[in-house]
Every structure is written in structure tokens, then in C-alpha cells.
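So you can see what is in the structure, the chains are spelled out below.
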Amino acid sequence: MSQPRRQFLQQVALGGAAALLPRLAWSASSYKRIIGANDRVRVGVVGFSDRHRNSHMPCFLQHYKALNFDVVGVSDIWSKRRAEGAALWQEKLGHPVAAYRNNDELYASKSVDAVFIGTADFQHALHAIEAVQAGCDAYVEKPFAETMADNRAALKAVKNSKQIVQIGSQRRSGANYLAAEQFIKSGKFGPITMVELTWNVNQPGRWRRPELVAQLREADVDWKRYLLNRPFEAYDPRKYLEYRLFWPYSSGLPGQWMSHQIDTVHWFTGLPHPRSVVANGGIYMWKDGRRNWDTLTAVFDYGPLQDPSSGFQVTFASRMHNGDEHPAEIYYSNGGELNLITNRVSPTGGLTKQHAEAMHLPPNLLPEFNLASAEAVVASANTGGDVLTSNHVRNWMECVRSRQQPHAPVEAGYSHSIANIMTTAAAHTGLKATFDEKTQEVMVGGKVFTY
């Protein structure tokens, strides 16, 4: 590992976003090129993952010709995926695509204007910093960050750049979700009193890749570069390929699934994070050496930070041993429910006219309201070229050209990461997690939560 890179990782590990700014200013002025209306936008791939292969790629291919984009390089620290990525993109596009051993090589080539970042969960924030320092726009998969040090450093680096960063929270590009946001913010729904989020699956192989694990050799991957700023552990192919099972490389259920759903709470309400979180669960079914739970229930208190007398509760429940892969998101008010399974607002369960009259209250009855044509959430491990992801990728591409803010800007990633980290903190300690606004730290038992 080079000395500059080691210094960079040490700075991030200490939460030293400010220490990154001199390098940021130098990098942006050195690498940034102005993209004109007719210029081809050159895209690099940071991590040729399953998510990139099965979702980013088909979505990009739906739009790249119309918007004059192209993929010109693939960076991956595993030789197998590096070669596969370059070959597959060359096959799809009909021209050579360069293969880079790591991101230092990719950015040193000065050959890319934008990147897809689809690496391991804990790497997203750090790789986003690298991208904007190289003057590149970025589509960054969620979860954005798994520690607050990484979260703060990445937010500051992006905000102090001029780059377009889209967080991979594709619900923000769905017509039904946009309609739900507008309806809630119109005031017609009334104050939110409860939100129920669930995401249940029954897949014994979910996040397990035994056949691929058997193919990975230590000599073919840069293990030290993979670890970035995480504590050193001996080489383990499972932690490389099945990272979603192992903290601190992933939080598992919160980072993978809750991050999508809790993002809609922040988006619809304008609240930046929960006031507190408690969580419980365990490894009840899959005794396969994993560290992250296969079952989790988290309970959140949301509301104005300075007014604890008002607010609402959010619950997130997820299990990996019984489920039909149909995530549920239901918002409740005293007047009824906004159901993002049926894509309808209705008076179901709400205050009836008779009850309202007896209590001398206004009826507050919700009418039947169709949010939009259904754009179903695809819950499988790799969503393919689904409508939500396709819309989201196109929105990013259009914003790279227009320099307008995308549907899921970096602040969205920062907020969902706070909620995720609070959930991890509560789950790991058994204590209520809160958030210190002044220090921007997740707190449990009066102490800052790190690992």
C-alpha cells in the first residue's frame, strides 16, 4: 500500500474530513473536465459486483445511447472479476474496456468522468471520497456508510466538491413513492402516527456464495486494500465474498434492506434521523458462522428534535427464514393509512365520522386515493433492469449532464446511514441508541459507538 493511500485511510478512520480538503481542492482542479452537451461521458466501474452485473449494467444499457454515455474501464481488486467485467462490458459495447487493478490506477489514468460504485457495504463512503477527489461524479450503492467517521468524512468531501452523487435509494425515482411524498407533504394525510416496515425472505443461500468462495485465492486479491480502514483480520474469503454476514464489513439487515425503507421516512417527513432506536433479534436459523443476525426488530422514535411531546413510532422487522420477498411499507394517521403495498391511501382503520362527532372532533376522514400506477419493488438479491433502478440510473445520468441535484443526493445517504448505525449500535449493545447533534455521533450508554 502506498504512503499517500495509507495516510488517506488513517485520516478517514479518525473522522478527519477537514484534513482531506487540501487534497480535494488539488484533485478537483487537476482532474475535473467540463462536460459539454455533446461530449461523451466516460464511465468507470468501481467493483464488478453481482449488483453491478445484474442491475447497473442492464439499466445503463437502456439509456447510454440516448444520453451519450460509455463505459471505458473496470476497477476490481480480484483478478477474476476484473477480467470478467472488462470482457463483459466489451461484449456489450463493442469496443475495448480497460481493466484496472485498483482505484488508484483507474483515477491516475484520467480516463473517466463518472463511476458506478458497487463494492462491499463498508467501502461505499470511502470509495465515494476517492471518486469526488478525482473529479468524478458517482452513483453510490447503499448503505452509504456503516460508521459515523466514514459517514461524516464522505458527506463533507462530497459537499465540498462540485460532483453529482446519486445514492442507490431507487425508491426516490418511483412514481408511486413520489406521489406518496407529495400527498403526505400536502397535509391531506394528517400527522403521521406510526410507520410499519417489514422485509422478510426465506432463502437459505441468501448472502452465501460457497461456490464462488472456493474459487477465491489470496494471491488473486488485494486483501489489505480490501480492508481499507477496518481493523486488520487475517485473510478470509468468506469475509470478502459473503461480507453481508460479517460485521464490521456490513451491518446485514439494517444496511441491506432497512436503508431503503427508512429512507422513505426521512424523505416523506423531512426529518434527518431518529431521536432514538432500540433493537433485538438474533441468529435463530442459519448457524453458519455468520456474525450478523438473521432476525431483527428495531423500534424508532421520530419527531421534532426539540419537541419530544410530538412525533411517531417506526418499526422495522426482518427475518431470513420465512417470508415471501414482498417488502411492506404502511404509513398510518388518525384518518387512515397510506399503503405502499397496494399503492393506495384509504380510511382503513381511521377515525370514523361517528367517533369524530361523539368526541367533537373534525372527521379527518381520508378519501380513497390512488398514489400512481404500481411500480413494484423488486426484493430479490439482484433486481435486474427493474423500473425503479432504471429510472434512478437515468436520473443520475441526466443530472451528470445538467449538473442538477439527483433524486437521492448525498444527504439522503448520510441520513439513512445515521439510522442504520443507530440500529447497529442498539443491536450490538442492547442499549437505546441516540444521536448527538453537536458531535454528529451515535451514542449508547453515554459513549460514542464505533465497532
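The name that an unreviewed UniProt entry assigns to the chain is Gfo/Idh/MocA family oxidoreductase, with the source organism given as Hymenobacter polaris.

Participant: Any chance you could break down the packing of aromatic side chains for me, citing the residues and the numbers?
Facilitator: In the structure shown here, the tally under the stated rule is 23 aromatic pairs. Ring geometry for Trp-78 against Tyr-240: centres 6.3 Å apart, planes inclined by 85°, an arrangement best described as edge-to-face. In this pair, Trp-78 is assigned in the loop between β2 (69-75) and α4 (79-93) and Tyr-240 in helix α11 (residues 237-241), connecting sequence segments 162 residues apart. Of the two residues examined, Trp-78 and Tyr-240, each falls in the buried class.

Participant: Before we move on, can you summarise the packing of helix α7 (residues 148-159) against helix α15 (residues 410-429) with the specific residues and values?
Facilitator: At a minimum axis separation of 10 Å, α7 and α15 run at an interaxial angle of 175°. Judged by the angle between their axes, α7 and α15 are roughly antiparallel. Residue-level inspection shows Met-148, Asn-151, Arg-152, Leu-155, Val-158 and Lys-159 of α7 in contact with α15, the latter providing Val-410, Glu-411, Gly-413, Tyr-414, Ser-417, Ile-418 and Ile-421.

Participant: Can you explain the pattern of salt bridges? Please cite residues and give values.
Facilitator: The tally for this structure, following the rule as stated, stands at 28 salt bridges. Residue Lys-239 is joined to Glu-233 by a salt bridge in which the shortest nitrogen-to-oxygen separation is 3.9 Å. For the pair Lys-239 and Glu-233, a shared accessibility class is recorded, and that class is buried. Here Arg-394 makes a salt bridge to Glu-398, at a shortest N to O gap of 2.9 Å. In this pair, Arg-394 and Glu-398 both sit in helix α14 (residues 387-402), four residues apart, roughly one turn of the helix. Taking the relative accessible area as the measure of exposure, Glu-398 reaches 34% and is therefore partly exposed. Put simply, Arg-208, Arg-238, Glu-242, Asp-288 and Arg-290 are held in one network by salt bridges that share partners.

Participant: So, the pairing of strand β11 (residues 328-333): which residues are in play, and what are the values?
Facilitator: Across the six residues of β11, five count as buried, placing the element largely inside the fold. Where strand β7 (residues 192-200) and β11 come together, six bridges link them in antiparallel fashion. The partner of Val-195 across the bridge, within β11, is Tyr-331. Here β11 pairs with strand β12 (residues 336-339) via four bridges, running antiparallel. Considered in β12, the bridge of Tyr-332 is made with Glu-337. Here β11 folds back onto β12, and the loop between the two strands holds two residues.

Participant: Break down the environment of His-392 for me, with residues and values.
Facilitator: Tracing the chain through its elements places His-392 in helix α14. Assessed through its relative accessible area of 0%, His-392 is described here as buried. In this structure, the C-alpha to C-alpha distance between His-392 and Cys-59, residues 333 residues apart in sequence, is 8.9 Å. Other than its neighbours up to four places away in sequence, His-392 contacts Tyr-139, Gln-166, Ile-167, Gly-168, Ser-169, Gln-170, Arg-172, Ser-173, His-407 and Ala-408.

Participant: So what about α4? Which residues, and what values?
Facilitator: With 15 residues, α4 should cover 21 Å at 1.5 Å per step; its first-to-last C-alpha distance of 21 Å lies within 8% of that length. For α4, the set of buried residues is Arg-81, Arg-82, Gly-85, Ala-86, Leu-88, Trp-89 and Leu-93. For α4, the elements touching its buried residues are β1 (41-46), α3 (50-67), β2, β3 (98-100), α9 (210-213) and α11. Looking one or two residues past α4, Gly-94 carries a phi angle of roughly 80°, positive in sign.

Participant: Before we move on, could you go through helix α6 (residues 124-133) and cite the residues and values that matter?
Facilitator: Buried residues dominate α6, accounting for ten of its ten residues. Listed as buried for α6 are His-124, Ala-125, Leu-126, His-127, Ala-128, Ile-129, Glu-130, Ala-131, Val-132 and Gln-133. One or two steps after α6, the chain reaches Gly-135, where phi turns positive at roughly 75°.

Participant: Can you tell me about the environment of Gly-118, naming the residues and giving the values?
Facilitator: The residue Gly-118 is located in the loop between β4 (114-117) and α6 in this model. Classification of Gly-118 by relative accessible area gives buried; the value is 7%. With 22 residues separating them along the chain, Gly-118 and Val-140 place their C-alpha atoms 6.7 Å apart. Apart from the residues lying within four places of it in its own chain, the contact partners of Gly-118 are Val-46, Gly-47, Ser-49, His-56, His-124 and Glu-141.

Participant: Tell me what's going on with the pairing of strand β16 (residues 441-444), and back it up with residues and numbers.
Facilitator: Of the two faces of β16, the one lined by Glu-441 and Met-443 and the one lined by Val-442 and Val-444 are each fully buried. The pairing of strand β15 (residues 433-436) with β16 spans four bridges and is antiparallel. Among the inter-strand pairings, Asp-436 is bridged to a residue of β16, identified as Glu-441. Between β15 and β16, which pair antiparallel in sequence order, lie four residues; one of them, Gln-440, sits at a positive phi of approximately 55°. Taken together, the two bridges between β16 and strand β17 (residues 447-448) define a ladder with antiparallel strand orientation. Paired with Val-444 across the two strands is Lys-447, which belongs to β17. Where β16 hands over to β17, the hairpin turn is made up of two residues, of which Gly-445 adopts a positive phi near 60°.

Rules behind the numbers
Residues numbered from 1 in each chain as written. Predicted model: local features only at pLDDT ≥ 70, side-chain atom pairs only at ≥ 80, totals over all residues. Heavy atoms only, no water. Phe/Tyr/Trp six-rings, centres within 6.5 Å; stacked < 30°, edge-to-face > 60°. Helix = DSSP H or I, 4+ residues; strand = E, 2+ residues; numbered from the N terminus. Buried < 20%, exposed > 50% of the residue type's maximum accessible area, 1.4 Å probe, protein only. Axes fitted to C-alpha atoms, helices over the stretch in contact; angles between N-to-C directions. Parallel < 35°, antiparallel > 145°, perpendicular 65-115°, else oblique. Contact = heavy atoms within 4.5 Å. Salt bridge = Lys/Arg side-chain N within 4 Å of Asp/Glu carboxyl O. Pairing = 2+ DSSP bridges. Expected span 1.5 Å × (residues − 1).

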